[in-house]
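Listed below, chain by chain, are the residues.
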Amino acid sequence: RQAQQEKVKERRAERPKLMDGVKRWRWWAVFILGALIGSQFACGGGNDSTKANHEALVSRIAFGSCANQTAPQPIWDAIIKFDPQVFIWMGDNIYGDIKRPSKMFGKERTIGPWKNVPRFVPTSQDEMNFKYHIIKNHPAYSRLRHNLNTKIIGTWDDHDYGLNDAGKEFPAKVSNQRLLLDFLDEPLDSPRRMQAGIYTSYTFGPVGRQIKIILLDTRYHRDPLSSDGTILGSTQWTWLEKELNGPSSAITIIVSSIQVISNLSATTGPLFYMESWGRFPKERDRLFQLIADSKRNGVFFISGDVHFGEITRYDCDVGYALYDITSSQPNFGAIEIDWDATPVALKIEVRDTDGIPAIGVNISLSELQAQSVNSAATLRVGEHQKHCSLEVDLPWIVRYRLTILFYFSVAVLLFALVGLNFAAAVVFRLFLRKCKLD
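Residues numbered from 1 in each chain as written. Predicted model: local features only at pLDDT ≥ 70, side-chain atom pairs only at ≥ 80, totals over all residues. Heavy atoms only, no water.

Topic: the pairing of strand β12 (residues 332-338)
The side chains of a regular strand alternate, first on one face of the sheet and then on the other.
Item 1. Counting buried residues along β12, five of its seven residues qualify, which places the element largely inside the surrounding structure.
Item 2. Of the pairings in the sheet, the one linking strand β1 (residues 60-64) to β12 comprises four bridges and is antiparallel in character. From the neighbouring strand, Phe63 faces β12, where its bridge partner is Gly333.
Item 3. Inspection of the sheet shows β12 paired to strand β13 (residues 345-351) by seven bridges, in the antiparallel sense. The residue bridging Gly333 from the neighbouring strand is Val350, located in β13. (Buried < 20%, exposed > 50% of the residue type's maximum accessible area, 1.4 Å probe, protein only. Helix = DSSP H or I, 4+ residues; strand = E, 2+ residues; numbered from the N terminus. Pairing = 2+ DSSP bridges.)

Regarding the sheet that holds strand β8 (residues 251-256)
Item 1. Taken in spatial order, the six strands of this open sheet run β6-β7-β8-β9-β11-β10, and their pairing is mixed. What marks the edges here is a single partner per strand, and that holds for β6 (200-204) and β10 (310-314). Each adjacent strand pair in this sheet contributes to an overall mean axis angle of 20 degrees, direction not counted.
Item 2. In this structure, β8 lies alongside strand β9 (residues 299-303), joined through five bridges in parallel fashion. Considered in β9, the bridge of Ser256 is made with Ser303. (Axes fitted to C-alpha atoms, helices over the stretch in contact; angles between N-to-C directions.)

A word on the pattern of salt bridges
Item 1. Overall, the coordinates contain 17 salt bridges when judged by the stated rule.
Item 2. Beyond isolated ion pairs, a larger network of salt bridges with shared partners links Asp157, Arg219, Arg222 and Glu275. (Salt bridge = Lys/Arg side-chain N within 4 Å of Asp/Glu carboxyl O.)

Regarding the state of the cysteines
Item 1. Considering all chains together, one arrives at one disulfide under this definition.
Item 2. The residue that forms a disulfide with Cys316 is Cys388, at a sulfur-sulfur distance of 1.5 Å. Judged by the torsion about the S-S bond (45 degrees), the Cys316/Cys388 disulfide is right-handed. Residue Cys316 is found in the loop between β10 and β11 (322-326), and its partner Cys388 is found in the loop between β14 (357-364) and α11 (396-399); the two are separated by 72 residues along the sequence.
Item 3. When its relative accessible area of 4% is taken as the criterion, Cys316 is described as buried.
Item 4. According to the relative accessible area criterion, Cys388 is buried, its value standing at 16%. (Disulfide = S-S within 2.5 Å.)

Considerations on the UniProt feature "transmembrane region" (unreviewed entry) in the protein chain
Item 1. Under the local residue numbering, the UniProt record ascribes the feature "transmembrane region" (unreviewed entry) to residues 25-42 and 404-432.
Item 2. Secondary structure content for residues 404-432 is 100% helix and 0% strand, while the C-alpha to C-alpha distance between its ends is 42 Å. (UniProt positions renumbered as here; feature names shortened; annotations may be inferred.)

Given below as structure tokens:
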């Protein structure tokens, strides 16, 4: 009995210690939970959206590109005033490479037929990180970034990839991928941090009113510009096919850092060339065919890169009109969706720094349905249809009109100079003859 009493006393003595241990573990659990919650709010405000945020109805989307971190950026005030629920970076989010001065003569010639050094050179990771820091802490962009009602997503183009016009051959692409994802406040366990390339997709809104946004990576796997090879690479093509054949959505926005439809990329050659899907016609045909085969409705493109705004349209491939809305600073793109209209109405505009629309297009969602326009297969030979020409199909006199105009202007100028010299020589000879006669 005495031994049992002693054991009871020992258990009673141990119970406070046990309770103290449990209390300490409770406090540690509260501390760890609080830290995790705090980290969610600290990582870019509205950028770490919850499932509830993704299911909220989205009716305003803004997008833009070409944000030179050393230049004034009044565009952010106009974007904040628009109050987007989603903002999409489309590339050139910083200018990470170094641009040398334009020199045709001298020891280092960056332009002209005697060019001997590249115009652009890459910079260090520290310098890239510093440039991201500048734009990320821009006062106006910081307000947008910390707005809990705005989800910020994005892809890259060449200058934030690390080098102008660079593709899969660029050696710093792996480390620069990490820098971009840090800039976008991508979670540390995100699949984008573990794959080759930054392509991904998001779905916003409730069932029946969903918007799917597909972000392409046009850099990591792209072949050289003159190769007519691949832009996306085999892995990304397989992923894109699954995305387009996946669950349906009312609207699907495909984000490309370079233009998809525009013919301007062809008509500027051979004076100079702009990057675009038109430089890879086989890849673009494959993209259009993939959309057509998926029978996915409500698809359109948004793009950047070219430092101007443009809206292009192509009707003759997927059974309905494909639009490509291009925007880059000093303007931004604005998408407004009226879900209550019958049928659903989209207003897509390119706006200036004051938020005033420069160009725009109103689209009924019913227009982005298969067979809403005649496809190329229904056209008779020689028949012309508006919005059915790509640069590869343009007559040579139209395709190279800028070059023809340039060389014609140069020829006229040279002819005028020769004529003036001849006239001056004739006048001088007449004057000299008169002087001799006198």
